[in-house]
Amino acid sequence: MSQTIRKVAVIGSGVMGSGIAAHLANAGMPCLLLDIVPNQLTTEERDKGLTLSDSAVRNRLAALAITALTKTRPSPLYDSRFASLITPGNLEDHLEQLKEVDWIIEAVVESLPVKSELLAKIENAWRPGTIVSSNTSGISINQMVRGRSDGFQRYFLGIHFFNPPRYMKLVEIIPGNKTDSGIVRAMASFCERTLGKGVVIAKDTPNFIANRIGTYGLLVALLEMEKKGYSVDEVDAVTGPVMGRPKSATLRTLDVVGIDTFAHVAQNVYEKVLDESEKAVFRVPEYIRDMISQGWTGQKSGQGFYKKVVTEKGKKILALDLGSMTYQPRQSIQSPALTAAKKAGGSAAKIKVLVNGDDRYAHLAWDVTKQVLLYAAEKMGEISDSIVKIDRAMKWGFNWEMGPFEIWDAIGLQASVARMEKEGCAVPSWVKAWIAAGHDSFYKQEEGQSYSFSQTAVRDSPARTREITQKTFRNQRYELIKRGREPISLPSLKRQNKVVLSNSEASLIDIGDGVACLLFHSPNNAIGDDIIGMIEKSREEVRKNFKGLVIAGEGKHFCVGANLLQLLSYALDKDWSAIERMIETFQGTLMRLKYFEKPVVAAPYQMTLGGGVEVCLATDQVNAAAETYAGLVETGVGLIPAGGGCKEMALRAAEYVEDCPQADLQPFVTKAFEMIGTAKVSTSAHEARAIGWMRKTDRIVINRDDLIHEAKRTVLFFDAPGYRPPRTEKIRVVGEDGKALLLLAADHMHRSGYASDYDRVIASKLAHILSGGNVPAGSRVTEQHLLDLEKEAFLSLCGEAKTMERIQHMLLKRRPLRN
């Protein structure tokens, strides 16, 4: 079934409803945001002489929500201007406008009666063929639409966004008993392609997949803490990154989510499940209820498991002591098992080392992990028939590095099951049958392809209250994991021996159709000698054997900039010639890349800083992930961009006025000066384009999974008509007169307290470069002239003690020093 969605209505302007509307606007989708009509005037409305019949009052809730979107940080919007795509309204005056939309999203309070009543109203205004969905986090989809017509139910389904909708990848789609399968496929495709989400199809069971397992895991940690006397700091030290979980771990996560919200989610499962042992876990602990009754609900109330206080020495974070229910100073948690795990490489190795340790914290990690793994296995066939879906749901919805079945493989399936049984745990029969068949993993790699465990579920008795009382399985096997619509998997290509060239920091991979991909894979993808060397080698290889080149990254970030440790070492040794060679090599490499005879497309994502931006500036086009945080941030470590970043920004400023010789170049140069001087980092690719780190012609890809595929398509697009590299041209600069204006702006920031004395020193060197140096206004200079100015400034700053302090602080503290 083909469904074209051009306009959407969201009903409910709370945090989730407005957040969903914001992300629809991010995707360029006009949206109607509706809420109830207020029954009282505010003081401000009375002062304005408004009445309850005025539209400004009747639309107030939705209008205030839209305004809040532009002020919330981190922003739900890629660009605050996108809020204009959202139109406020109310359920009494604008319900008939639902006939004008293609998708209606219900996002009101988590109450079955409230949702059912609203859906009845929606059906009265519903245009047949319009898709209707609920954003419920766990209420039965089928129960919501009891009493609705078969035609309505055919177009109704659950589409569960995770909070915040912009940033969380997971969307769970939950079909009802009568939902048309074509609608499910259409909405899965729309959420992936248009909204950039990772979609998992879930069954209509309490809390679906991610919240079912994730909430269970959080409760297990709470129970272990209560039962064995672990402190708040101890639990979070163990259940965070060292276990492949987010930095917020367990208790900080609950503070962020809201302890009352968490309790509501847990209660939903408690009320629906039949198994008494499962109910016991989902029973909210008494101390959690006490915290809620006292208003200690987490971040939104100012205190939960943690509390921020202001002391004479500044702000301080305290942790709750459950014994006394008082807040105490934080503890530093150390142990042999934690230390060994932190030293292990990668999440799989970390968790394996940790759960096999032999101290108090290793035991906590094992006790939590084994219960989550067993629970995920028990729920197979009930919440989902696919371990891949369960693993993806936990990675995309709870930001785990690995899903439960991937964790099981990492710690050793056979060995861990033997340990569980020795400790008296009941292991699901299907897991034991899989092991008995000679398997020691749920996933395998074979001939460059990825396979996962699969089986056919057989229900021996009917479902009761959304629960399967007995389950058996047959036809256990490995099944090829389909990659969906995205045809490029770099790990798979590596396994298929498609690597053409490789060193410790980068690889050149054949991605098909005559296109190569240069993949950065150094730690944090920092630019070192091997990346620069691989750029040069890749250029030669592509010249001979390929149509063009894609530049991409492997890991969390595209590129965090230069290798500061290497630079610091040279500077401390006063090896100025080594630094000069490093600058000249990087500048020369990027200049040759810019004028290369084959098309080059960069595919940045997440943090793209310093030298990472300079690499992108040297390419023909940037195809950036929407979540790209780009900036020339060198001033934060006491330096200036010296890989062509200043030169390219001066060039782009000149391009803005090239067709209008009488136009004033100064404002464009001043903007570049401010952006580089303040180390401005964009909050999205859209903002990067507005700032100038990207051109208007550069593309933005909303689904990062599509990034390399789209970059490859762009290379082929450039190649098809016969590619011609850019021509070298001289750059018009503002000269000494323009530099004086830039320094005047820097002096103003200094006097206002926004810039330190040393910031002013750096600003003077940056102004010298961007203005073109000591030349008359309107002069035209070569790119090499500006590159030489970059090199001169960079070298001089490397000799400054305050620059060394900034670099050392960044390496040690991971944040800039303002000295």
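Residues numbered from 1 in each chain as written. Predicted model: local features only at pLDDT ≥ 70, side-chain atom pairs only at ≥ 80, totals over all residues. Heavy atoms only, no water.

### Brief notes about the overall build of the chain
The test is simple: Every helix listed is a DSSP run of H or I at least four residues long, and every strand listed is a run of E at least two residues long, numbered separately from the N terminus. Values of the radius of gyration come from C-alpha atoms, whereas the globule rule sets the reference at 2.2 Å times the count of residues to the power 0.38. Exposure is judged per residue with a 1.4 Å probe applied to protein chains only, and the accessible area is read against the type maximum: over 50% gives exposed, under 20% gives buried, and values in between give partly exposed. Two residues qualify as a contact provided that any one of their heavy atoms is within 4.5 Å of a heavy atom in the partner residue. Here, Shrake-Rupley sampling with a 1.4 Å probe gives the accessible areas, and only protein chains in the shown set may cover a residue. For the purpose of charge, His is not counted, nor are the chain termini; Lys and Arg are scored as positive and Asp and Glu as negative. Every charge is mapped to an atom, namely NZ of Lys, CZ of Arg, CG of Asp or CD of Glu.
What the chain contains, in helices and strands, is 34 helices and 25 strands. For 819 residues, the compact-globule estimate of 2.2 N^0.38 gives 28 Å, and the chain sits close to it at 29 Å. Viewed in the frame of its principal axes, the chain has a C-alpha envelope of about 85 × 70 × 65 Å. Buried residues in the chain amount to 55% of all 819 residues. Taking the contacts inside the chain whose residues are at least 6 apart along the sequence as the reference set, 70% of them involve residues at least 24 apart. Here the chain has roughly 34900 Å² of accessible surface; of this, 51% comes from carbon and sulfur atoms. With 104 positive and 96 negative side-chain charges, the chain shows a spacing of 1 Å between the two charge centroids.

### Looking at the nonpolar core
The line we're drawing: For our purposes a nonpolar core is just a set of buried Ala, Val, Leu, Ile, Met, Phe, Trp, Tyr and Cys residues, chained together by side-chain atoms within 4.5 Å.
Counting residues in hydrophobic clusters, the biggest one holds 253 residues, and the most contacted among them are W103, F305, F405, W408 and F442. The leading source of residues in this core is helix α17 (residues 360–379), at 12 residues.

### Quick word on the confidence of the model for the chain
Detailed reading of the predicted coordinates is not advisable wherever pLDDT is low. Applied cut-off: Summary of the metric used: pLDDT quantifies the predictor's per-residue confidence within the range 0 to 100.
Chain-level statistics for the chain give a pLDDT mean of 95 and a share of 97% at 70 or above. Of the regions scoring below 50 in pLDDT, residues 460–470 engages in 32 contacts with residues more than four places distant in sequence or in other chains.

### As for the sheet that holds strand β8 (residues 198–201)
The test is simple: When DSSP finds two or more bridges between two strands, those strands count as paired. Inter-axis angles, ranging from 0 to 180 degrees, are taken between N-to-C directions of lines fitted to C-alpha atoms, where helices are fitted over the stretch in contact.
Here eight strands make up an open sheet; going across it, the order is β3-β2-β1-β4-β5-β6-β7-β8 and the pairing mixed. The strands lining the two open edges of the sheet, one partner per strand, are β3 (86–90) and β8. Across the sheet, the mean angle separating the axes of adjacent strands is 25° when strand polarity is ignored. Bridging between strand β2 (residues 31–35) and β3 involves five bridges; their strand directions are parallel.

### Side note on the packing of aromatic side chains
Rules: By convention, a stacked pair of Phe, Tyr or Trp rings (six-membered ring in the case of Trp) has centres within 6.5 Å and planes under 30 degrees apart, an edge-to-face pair has planes over 60 apart, and any other such pair is tilted. Note on criteria: charge over ring means Lys NZ or Arg CZ within 6 Å of the ring centre, with the direction from the centre no more than 35 degrees off the ring normal.
Inspection of the entire model under this criterion finds 22 aromatic pairs. Taking the centre distance of 6.2 Å and the plane angle of 50° together, the rings of F282 and Y375 count as tilted. With F282 in helix α13 (residues 276–282) and Y375 in helix α17, the pair connects residues that are 93 residues apart, well separated along the chain. Residues F282 and Y375 agree in their burial class; the two are buried. Between F558 and Y605, the ring centres sit 6.2 Å apart and the planes meet at 75°, which makes this aromatic pair edge-to-face. Highlighted residues: F558 in the loop between β18 (548–553) and α24 (564–572) and Y605 in the loop between β19 (600–602) and β20 (606–609), separated in sequence by 47 residues. Among the aromatic residues, those joined into a cluster by ring pairs are F405, W408, W430, W434, F442, F453 and Y478. Sitting over the ring of W366, R419 keeps its end group 3.9 Å from the ring centre.

### Some words on the pairing of strand β1 (residues 8–11)
Neither face of β1 is open: one carries V8 and V10, the other A9 and I11, and all of them are buried. Where β1 and strand β4 (residues 103–106) come together, four bridges link them in parallel fashion. Opposite V10, over in β4, you have I105 as the bridge partner. Sheet topology places β1 next to β2; four bridges connect them, and they run parallel. Residue pairing in the sheet places A9 in a bridge with L32 of β2.

### Details of helix α15 (residues 336–343)
The following threshold applies: Arc definition: it is the arc formed by the directions from the helix axis to the C-beta atoms.
Every buried residue of α15 is accounted for by A337, L338 and A341. Taken down its axis, α15 places every buried residue within 95° of arc, on the same side. Exposed and oriented more than 90 degrees from the buried face of α15 are P336 and K343. Where α15 is buried, its residues contact α10 (232–238), α16 (346–355) and α17.

### As for the pattern of salt bridges
Where charged atoms from two side chains of opposite charge come close, those side chains can pair. Applied cut-off: Any carboxyl oxygen of Asp or Glu that lies within 4 Å of a side-chain nitrogen of Lys or Arg is treated as forming a salt bridge with it.
This structure, assessed with the given rule, holds 54 salt bridges. Taking the shortest distance from any N to any O, the salt bridge between E382 and K379 comes out at 3.1 Å. Owing to a relative accessible area of 6%, K379 belongs among the buried residues under this scheme. The salt bridge involving E554 is made with K494; its shortest N-O contact spans 2.7 Å. One end of the pair, E554, is in the loop between β18 and α24; the other, K494, is in helix α22 (residues 490–495), and 60 residues separate them in sequence. Classification of E554 as partly exposed rests on a relative accessible area of 33%. Beyond isolated ion pairs, a larger network of salt bridges with shared partners links E224, K227, K228, D367, K370, R419 and E423.

### Topic: the side chain of R212
Heads up, the rule is: A 3.5 Å cut-off defines polar contacts: any pair of N or O atoms within that distance qualifies, except that in protein one atom must be a possible hydrogen donor and the other a possible acceptor, and neighbouring residues in sequence count only when both atoms are side-chain atoms.
Tracing the chain through its elements places R212 in helix α9 (residues 210–228). Look at R212 and you get buried, because its relative accessible area is 0%. A polar contact of 2.9 Å, which involves the side chain of R212, links it to the side chain of E278.

### A look at the sheet that holds strand β15 (residues 499–502)
The sheet built from seven strands is open, its strands ordered β15-β16-β17-β18-β19-β21-β23 with mixed pairing. A strand with exactly one partner marks an edge of an open sheet, and here the two such strands are β15 and β23 (699–701). Averaged over all adjacent pairs, the angle separating strand axes in this sheet is 20°, with direction ignored. As defined by bridge partners, strand β16 (residues 506–510) adjoins strand β17 (residues 515–520) across five bridges and the pair is classed as antiparallel. Bridged to S507 within β17 is L519. Taken strand by strand, helix α30 (residues 707–719) contacts β17, β18, β19, β21 (621–625) and β23, and its axis lies near 165° from that of β21.

### Regarding the pairing of strand β7 (residues 170–175)
The condition that has to hold: By definition, the crossover connecting two strands over a helix is right-handed if that path, from the first strand to the second, turns clockwise as seen with the strands pointing away from the viewer.
When you tally the buried positions in β7, you get five out of six residues, the bulk of the element. Of the pairings in the sheet, the one linking strand β6 (residues 156–161) to β7 comprises five bridges and is antiparallel in character. Within β7, the position partnered with G158 by the bridge is I174. Pairing geometry for β7 and β8, over four bridges, is parallel. Within β8, the position partnered with I173 by the bridge is I201. Chirality of the crossover, the property in question, places the unit of β7, helix α8 (residues 181–193) and β8 among those that are right-handed.

### Observations regarding the layout of surface pockets
Quick reminder of the rule: Throughout, the protein atoms alone are placed on a 1 Å grid, and a set of points is a cavity if a 1.4 Å probe fits but cannot get out or a pocket if it is open with protein on both sides within 12 Å along at least five of seven lines; lining residues have an atom within 4 Å of a point. Grid points are joined across faces, edges and corners, and a volume is the space filled by probe spheres set on the points. Gly falls in the polar group here, along with every residue not listed as nonpolar (Ala, Val, Leu, Ile, Met, Phe, Trp, Tyr, Cys, Pro) or charged (Asp, Glu, Lys, Arg).
Within this model, the second largest pocket holds a volume of roughly 1200 Å³. Along its surface, the second largest pocket is lined by 42 residues, and V560, G561, A562, L564 and M810 are the ones closest to its centre. For the lining of the second largest pocket, the secondary-structure elements that each account for two or more residues are α23 (529–545), α24, α25 (576–594), β20, α26 (611–617) and α34 (801–813). In terms of residues, the lining of the second largest pocket owes the most to one element, α24, which gives four residues. Taken together, the residues of the lining of the second largest pocket break down into 25 nonpolar, 11 polar and six charged.

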